[in-house]
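A look at the structure
So the chains spell out like this:
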Amino acid sequence: VSEKTIFEKIRDKEVPSEIVYEDDSVVAFRDIDPKAPVHVLVIPRDKIETFSQLTGWDDAAVGAFFRRVSEVAQRLELDKGYRIVINCGAHGQQSVDYLHAHILGGRQLSWPPG
Ligand code: AMP
């Protein structure tokens, strides 16, 4: 049995986090090191490691996840806009091996990313 990632521990309430939304398919919580005034992470309850592995999900599951990301963003009332980021793998600078979507907002963001 491999060691749980920090996000599994957050999902399972084994470590504290500031959860902003949860239901039977996702958990959304504030990033501990926010890169914008609003920085929330959304994880699916069913763990997969990376965005690449979404190819193993059926369309309904993928759709449910992305709909939740949109709903969480709506709850955060980022009416001037926001950015969704999913880092994937080493080149994408993914640091936690549990799929997560970043919701970043509350300030003017720049483009392109580094
Ligand atoms: P990534 O680089 O895309 O894998 O993003 C991982 C994110 O998880 C980073 O923005 C971290 O600040 C965040 N993070 C790491 N540990 C925690 C934690 N215990 N609670 C909330 N966010 C965390």
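Residues numbered from 1 in each chain as written. Predicted model: local features only at pLDDT ≥ 70, side-chain atom pairs only at ≥ 80, totals over all residues. Heavy atoms only, no water.

**Here's the deal with the sheet that holds strand β1 (residues 19-22)**
- With respect to topology, five strands assemble into an open sheet ordered β1-β2-β3-β5-β4, the strand pairing being antiparallel. Each edge of the sheet is formed by a strand with only one pairing partner; in this case those strands are β1 and β4 (82-85). For this sheet the average axis-to-axis angle between neighbouring strands, irrespective of direction, equals 20°.
- With five bridges joining them, strand β2 (residues 26-30) and strand β3 (residues 38-44) adopt antiparallel strand pairing. Within the sheet, the bridge partner assigned to V26 lies in β3 and is P44. (Pairing = 2+ DSSP bridges. Helix = DSSP H or I, 4+ residues; strand = E, 2+ residues; numbered from the N terminus. Axes fitted to C-alpha atoms, helices over the stretch in contact; angles between N-to-C directions.)

**With respect to helix α2 (residues 59-75)**
- Compared with an ideal rise of 1.5 Å per residue, which puts 17 residues at 24 Å, α2 spans 24 Å between its outermost C-alpha atoms and is within 8% of the ideal.
- Its buried side turned inward, α2 meets β1, β2, β3, β4 and β5 (101-105).
- A positive backbone phi angle near 55° is found at E77, which sits one or two residues after α2. (Expected span 1.5 Å × (residues − 1). Contact = heavy atoms within 4.5 Å.)

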